[in-house]
Protein chains: 2
Amino acid sequence: MSAAPPATDRDLRALFAPASVAIVGASDDPEKWGNWLARGALRAEHRRAVHLVNRRGGEVLGRPAHRSLHDVPEAPELVVLAVPAAAVEQSVDDALAAGARAIVAITAGAADGDAGGAGDAALARRVRAAGAVLVGPNCLGVFDAGAGLELVPADLPPGPIGLISQSGNLALEAGLLAAEAGLGFSRFVSLGNQADLEAAELIRDLARHPETELIAVYTEDFRDGRAFAAAAQAARSAGKPVLLMAVAHSEATARAVRSHTGALASDAAAIDAACRAAGIERVAAPQELIDVADGLLRAGVPAGRRIAVLSDGGGHGGIAAGLAQAAGLELPPLSAELVSGLRAALPPAAAAANPVDLAGGGEQDLHSFDRTTRALLASGEVDAVLLTGYFGGYSEYSDAMGRRELEVAEGLTACAAETGRPLVVQSMYAAGPAAQTLRAGGVPVYRAIERAVGVLGRLAAHGARGPEGVPAVPAPAATLGTAGYHDVRALLAAGGVPFAPARSAAGEDEAAAAAAAIGYPIALKALGLVHKSDAGGVVLDVRDEPALRAAVRRLDERLSPPMYSVERMVERDAGVELLAGARWDARFGPVALAGLGGVHTELLGDVAVALAPLDDAGALRLLLSLRSAPMLQGARGRPPLDVDAAARALAALSRVAAEHPELCELEVNPLLVRPDGAVALDARAVPAISPPRPAAR
Amino acid sequence: MSAAPPATDRDLRALFAPASVAIVGASDDPEKWGNWLARGALRAEHRRAVHLVNRRGGEVLGRPAHRSLHDVPEAPELVVLAVPAAAVEQSVDDALAAGARAIVAITAGAADGDAGGAGDAALARRVRAAGAVLVGPNCLGVFDAGAGLELVPADLPPGPIGLISQSGNLALEAGLLAAEAGLGFSRFVSLGNQADLEAAELIRDLARHPETELIAVYTEDFRDGRAFAAAAQAARSAGKPVLLMAVAHSEATARAVRSHTGALASDAAAIDAACRAAGIERVAAPQELIDVADGLLRAGVPAGRRIAVLSDGGGHGGIAAGLAQAAGLELPPLSAELVSGLRAALPPAAAAANPVDLAGGGEQDLHSFDRTTRALLASGEVDAVLLTGYFGGYSEYSDAMGRRELEVAEGLTACAAETGRPLVVQSMYAAGPAAQTLRAGGVPVYRAIERAVGVLGRLAAHGARGPEGVPAVPAPAATLGTAGYHDVRALLAAGGVPFAPARSAAGEDEAAAAAAAIGYPIALKALGLVHKSDAGGVVLDVRDEPALRAAVRRLDERLSPPMYSVERMVERDAGVELLAGARWDARFGPVALAGLGGVHTELLGDVAVALAPLDDAGALRLLLSLRSAPMLQGARGRPPLDVDAAARALAALSRVAAEHPELCELEVNPLLVRPDGAVALDARAVPAISPPRPAAR
């Protein structure tokens, strides 16, 4: 149980740009953290006072070491603790007593199992009571390029990316890859256990940090996922894209799953839903993280999905075109005017179609590359150009070719800058001088074509799809006492989900009376069973009273249900059955799910998940995002169905779910959509074993 | 129209290991092909006679140049032509007259448009008549590492890969990437126009070449795709995997498409079908080509999909585990014995689950890596180990750590070699000394985790899935005169496709007579319409003669069809509608297609394609490969359907299609599968506009 985060954001200046810093556990041993941190601190000795603390005193790295924080002659704004786990609590208290405004608790060796434990919560309360902030414990350090703060065990390149990571090695790997791409970090914070400072507060702080242009996050623990998503959405709205690398937990997580919704709205799907809501770009691994960051920072977002592929040689062009189409990009045919303009400046063998193949024209005249790129970008017929293949390697021919190639690279960066349209380059020689010139001029260069195409596809999608918005979770409504079938129906109906008329009945006579009141034909359901249909507990299309009585007697005999539901029979032929549901996620709060119902749900896995509650427009968007959405819109001569009514029902269900954290799963299956409306034909709820912590907003 | 390939394979020794070579067009100009080729030839002057030919005579590269091939003092076994396109024909004749056994025609600048043209075919005929072989024209050269033959414009690293490529630049890129991975090429042939030597013959030759362990192909033009696939299957059976990088042609290729089958069995799907039949690994780009080759050559194929992930730090392990599951690999829980064995040798914070996280144990004791890897591989509980993260970078700490790391790397290669189970490594320091030691010992090392996981997934799939077999195309049967509905039905029925009883009828009275003979209820179809159902030309469940007559009159009025089909009505409720079809592909000959029928086919895109003809087992495998196959096998309490009967019908259709190249598309839609059999409810064929070239086998 961790401490709730503070209500308002704190000033983190003492953490990132302290006037003075103390390293507790500073050491001369080059294999110890206290050594790396002390050396890092000392690199900025000209910018701030550095105090080294070692309980043995003496000298460390040629400076006198204090025996304890009490002996430090001033209040150190930032205290870094490289001490054994057992000493952390005392050291934090010492730091607070010494007047620290920020504490970074490294303490490698603390068992991860303690993360979020009672000790952490108590630590956080003491730190906050003193008006200070704490990073960690069990973290790797902090880094601020502008402030010259390098309290991390490795060199990180400076640059525009604000990095928040729960893994030290992944941050190191991102650093190596960023350096290779000519990128780096404005700030880096290693999250550790997040006892006090959590990712959400750090994202909000980076959104206000002028030197940070893009925020990259690796986390295994979202804490309040809803707050995390809201912070990311705000950052993106402030023009700073957020990239998230999150471990996809195995579907075999501990939570019990007792409905289709529970099984289908997986933990991983909830993360994806939060990313769509917040406009976060989710990435799977460090290389993809840096690649997408490179594209967003250098190339920016194209206005659409239309690209031209340019190569000198048909092979590279064909490979790139195939990958681009698979990535959802379009290669439109070029206009006759553009084609004839291109042809005039190229050798006769060149293919001035899309992909454009210079067919040796590049080798003959290197300026074919920038001339053609300029014509393509300036035409307005494409939103971006992808240059692929040999370019970047002409310096291998001769020094003269190499010099000309650098001029052409300058010309290429100018094309992109002047037209405002992205140019993305794949080069066999991505580490060569022309590639460096391209990067310096704001053009991303990738070694492998699959990476270049993947990024361009992401950029186009990023531009096309803004954040859907992170909805606030409403205050909980009065708890539903029992989650019986008719209770759940009533709750959903009151919330706006349409149902067919129904009555409960305790036996044959009550069932007959209920049927008479509702009118035949009737659907009869035996209640009190987990899977009514699978157990044969549902009898459809009961035409008259004798048939009804016979059906009740048969069910009594076979299943002895405690109660029946007698419902107006709804004709299913002209409709499509959907599944509509919601689930409370431990991290992100309520999530809604829509899918094709019946046998299709599980077989085809065509489901879509979003943060709940949804408004009607959001619910409609979710339904239309299904692969099978055309079935709702009148495919192959069928009449279009009332998708709006289905969306209203789904939105209503999602609102009810969001107001009832005591129901961990809530489901309407099927939700029948017809040309003239939508109607819920069944409903169920799964009570939470212990009520989930509501995502506080 | 190219020349048909020769009936039997030729001896290519003169091409790859000639006793003498002549370079026609040899030049002193370092930007000319004739210069690169001459220099390449001269590098092996100690192994074979090199004759330089330049029509101006004098000296080239310090050697006397002959004015023409006539002046060369011996018959050169191999002649390389670096001459303008216009001079190729004459130069080939000169080479043959001079006694050449092999000719490589470079002639950069020849228009690609001429590929496969009449000129090429004539050239091939003259070369073959002389008992020689020709590579090109319009190619980049040949390379044989063992023979020291370097007739290519760039350095290629030597190694175990036989490379056949239609693109020079892609071959260069593969060369750069191979060198980075410590791999290289046994032979390289640039295909060019394939006037004489085609990819299939070259694959067969490489399969016999002892130094070639793996064959990599890039082609834009398969020629006889069936022969290509058969050659690849034979190579794989000989223990040499074949990797194919093929341009995915846009779906908007020129061929007309007039049935669902035509639209769904795309050109790209036909390539995939050929790859499955032949056991070819298809790759999308050069990096993937070299990565998969690295995995196949070094790690080999695991016995199954079960892997353990090992890291020092939870971040890398979590990322790798998530990607591995997405790639179809399994991370089984480890046995209690194995876990306790691992725990005994690791620090308390280590997670001895799967993924195994050393949690700092690696840093404390580098031998944790090889000890743990050995325990995992030796346990038999997993089929492979994926080591991910920092390993490879400990030399950054200190020289002593670096030396220990090399020992550990040796230990890791020994684990893999001794257990015979693959170890695949991702390292942040993939170019460092430990990584090189791993590679030298037969362990592939990748820089990015997504690449390592992707390869391991491919290796497991490669092992699990042998070639399905490339079927021979049967001799054409007697041509079907007209492709009318009842002709096509009769053809398919004769081939073994079951249909409901049906008769054709020209009007109301004939229809009534036919119905009386067949028995009510009847399905009535108006013939002569392209889409019977969509045009409302089908009336189902006609119960008696008055209803039939009324239906005929209404259809007469609305559609005036020339003819009706009167068919026994088949009850569809208990069945599932499939689509079964076949198409003649210009490269691969007949391909068969299966999919869910009705509205599902197009909306869900759940179709599978295979080379035709299929036998019953192959047809069953194809049906069961559909995502929706569980619907056929009795999902959610439904009775299982007679999938074997559906497979027999599909196999029969595929045989008929393979015997009738004059029908470019042949389709049964729907093929109704019921618990007690399968029955075709409709059929159609699309005549080929010009008969396709049958794939000669």
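Conventions adopted
- Residues numbered from 1 in each chain as written.
- Chains lettered and ligands numbered in written order.
- Predicted model: local features only at pLDDT ≥ 70, side-chain atom pairs only at ≥ 80, totals over all residues.
- Heavy atoms only, no water.
- Helix = DSSP H or I, 4+ residues; strand = E, 2+ residues; numbered from the N terminus.
- Buried < 20%, exposed > 50% of the residue type's maximum accessible area, 1.4 Å probe, protein only.
- Areas by Shrake-Rupley, 256 points an atom, 1.4 Å probe, with all protein chains shown as cover.
- Lys, Arg positive; Asp, Glu negative; His and termini not counted.
- Charge placed at Lys NZ, Arg CZ, Asp CG, Glu CD.
- Pairing = 2+ DSSP bridges.
- Axes fitted to C-alpha atoms, helices over the stretch in contact; angles between N-to-C directions.
- Parallel < 35°, antiparallel > 145°, perpendicular 65-115°, else oblique.
- Contact = heavy atoms within 4.5 Å.
- Nonpolar A, V, L, I, M, F, W, Y, C, P; charged D, E, K, R; others polar.
- Buried area = accessible area lost by both parts, 1.4 Å probe.
- Salt bridge = Lys/Arg side-chain N within 4 Å of Asp/Glu carboxyl O.
- Polar contact = N/O pair within 3.5 Å; in protein donor to acceptor, adjacent residues only side chain to side chain.

A.B. asks: In this structure, what is going on with the overall build of chain A? I would like to understand it.
C.D. replies: Looking only at helices and strands, one finds 24 helices and 30 strands in chain A. Expressed along its principal axes, the backbone C-alpha trace of chain A runs to roughly 95 × 80 × 35 Å. Every one of the 697 residues in chain A was classed for burial, and the buried ones make up 59%. Carbon together with sulfur atoms contributes 53% to the accessible area of chain A, which is approximately 25,200 Å² in total. One way to put it: in chain A the 63 positive side-chain charges average out to a point 2 Å from where the 81 negative ones average out.

A.B. asks: Before we go on, may I ask you to explain the sheet that holds strand E13 (residues 242-246) of chain A in this structure?
C.D. replies: Paired through their backbone hydrogen bonds, the strands of a sheet run either parallel or antiparallel. Residue and element names in this part refer to chain A. As summarised here, the arrangement of the seven strands in space is E9-E8-E11-E10-E12-E13-E14, forming an open sheet in which the pairing is mixed. Because the sheet does not close on itself, it has two edges, and the strands there are strand E9 (149-151) and strand E14 (281-283). Across the sheet, the axes of successive neighbouring strands diverge by a mean angle of 20°, strand direction being ignored. Direction of pairing for strand E10 (residues 158-165) relative to strand E12 (residues 214-219): parallel, over a ladder of five bridges. Bridge pairing in E12 links leucine 163 to alanine 216.

A.B. asks: Explanation requested: the packing of helix H5 (residues 168-180) of chain A against helix H11 (residues 314-326) of chain B in the structure shown.
C.D. replies: A pair of packed helices is captured by two measures, namely the crossing angle of their axes and the spacing between those axes. Direction vectors running N to C along H5 of chain A and H11 of chain B enclose 75°, while the axes themselves pass 6 Å from each other. With respect to their mutual orientation, H5 of chain A and H11 of chain B come out roughly perpendicular. Facing H5 of chain A, whose interface residues are Asn169, Leu170 and Glu173 of chain A, H11 of chain B presents Gly315, His316 and Ile319 of chain B. Considered class by class, the residues forming the contact of H5 of chain A with H11 of chain B number two nonpolar, three polar and one charged.

A.B. asks: Just checking my understanding: could you explain the interface of chain B and chain A for this structure?
C.D. replies: Accessible area lost upon the coming together of the parts is a frequently used measure of interface size. Every contact between the two is made by 58 residues of chain B and, on the other side, 58 residues of chain A. Here chain B and chain A share an interface that buries about 4,700 Å² over both sides, 59% of which is from carbon and sulfur atoms. Our count for the chain B to chain A interface comes out at two salt bridges. Counting every contact that joins chain B to chain A gives 10 residue pairs in polar contact (both at pLDDT 80 or more). If you list the elements that add at least two residues to the side of chain B that touches chain A, you get helix H2 (33-42), helix H5 (168-180), helix H10 (286-299), H11, helix H17 (449-464), helix H21 (599-604) and helix H23 (629-632) of chain B. The dominant element in the side of chain B that touches chain A, judged by the number of residues it contributes, is H11 of chain B, at eight residues.

A.B. asks: Explanation requested: unusual backbone geometry in the structure shown.
C.D. replies: Omega for the bond connecting alanine 612 of chain A with proline 613 of chain A falls within 30 degrees of zero, at 0°, which places this linkage in the cis form. Note that proline 613 of chain A resides in the loop between strand E27 (607-611) and helix H22 (616-624). The backbone of arginine 223 of chain A shows a phi angle near 55°, a positive value even though the residue is not glycine. By the secondary structure assignment, arginine 223 of chain A is in the loop between E12 and helix H7 (225-237). Positive phi, normally seen in glycine, also occurs at aspartate 541 of chain B, with a value near 55°. When you line up the elements, aspartate 541 of chain B lands in strand E23 (residues 538-542).

A.B. asks: Honestly, the pattern of salt bridges in this entry has me stumped. Any pointers?
C.D. replies: It is possible for side chains of opposite charge to pair when their charged atoms get near one another. For the structure shown, the criterion picks out 79 salt bridges over all chains. We note a salt bridge from arginine 208 of chain A to aspartate 205 of chain A, for which the minimum N-O separation is 3.4 Å. Exposure remark for arginine 208 of chain A: the relative accessible area of 48% places this residue in the partly exposed category. The closest approach of N and O atoms between arginine 543 of chain B and aspartate 541 of chain B, which form a salt bridge, is 3.0 Å. Residues participating in the shared-partner salt-bridge network are Asp9, Asp144, Arg187, Arg204, Asp205 and Arg208 of chain A.

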